[in-house]
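Structural overview
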Amino acid sequence: MNEPIKSGDRCEVIAGALGPTGPNIGKLVTVGQVRGEHSEYGRIWRCHGEGLITEYGAVGSEADFAQAWLRKLPPETLTPKQREEVLHEN
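The paragraphs below set out a description of the structure included in this document. Bear in mind that the values here come from a model prediction, so they are computed numbers and not experimental data.

Cut-offs and rules
Residues numbered from 1 in each chain as written. Predicted model: local features only at pLDDT ≥ 70, side-chain atom pairs only at ≥ 80, totals over all residues. Heavy atoms only, no water. Helix = DSSP H or I, 4+ residues; strand = E, 2+ residues; numbered from the N terminus. Buried < 20%, exposed > 50% of the residue type's maximum accessible area, 1.4 Å probe, protein only. Contact = heavy atoms within 4.5 Å. 1 Å grid on protein atoms, 1.4 Å probe; cavity = no way out; pocket = protein on both sides within 12 Å on 5 of 7 lines; lining within 4 Å. Points joined across faces, edges and corners; volume = space filled by probe spheres on them. Nonpolar A, V, L, I, M, F, W, Y, C, P; charged D, E, K, R; others polar. Salt bridge = Lys/Arg side-chain N within 4 Å of Asp/Glu carboxyl O.

This next bit is on the environment of P23. With respect to the element layout, P23 can be found in the loop between strand 1 (10–13) and strand 2 (28–38). The partly exposed category is assigned to P23, whose relative accessible area is 44%. P23 sits 34 residues away from G57 along the chain, and the two C-alpha atoms are 9.6 Å apart. Beyond its immediate chain neighbours, meaning those up to four positions away, P23 contacts L18 and I53.

In structure tokens form, the structure reads like this:
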């Protein structure tokens, strides 16, 4: 997909601070707001999902991810109910 990641997009977590073996690999998230630019990892996004584990080991519904750690999902992979949920999350 050529369009850059933006707020509201659904993504799959494909990497993390621990590389391809992190605890969030494979989880689906909704992209929230830009948190800033990291000197090594680039653009950082606050994302929302279930059972996300932060860099501090906390489990919750929000975590920060570098853009390179996210794979944008095509919109057609979402059911109408999921699309509605995404619209109401943000």
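A separate point is the layout of surface pockets. Considered as a void within the structure, the largest pocket measures approximately 370 Å³ in volume. Here the element with the most residues in the lining of the largest pocket is strand 4 (residues 59–66); it accounts for four residues. Residues belonging to the lining of the largest pocket are distributed by class as follows: 13 nonpolar, five polar and two charged.

Another point: the pattern of salt bridges. Scanning the entire structure with this criterion turns up eight salt bridges. With a closest N to O distance of 3.2 Å, D9 and K6 form a salt bridge. Note on D9: relative accessible area 9%, which makes it buried.

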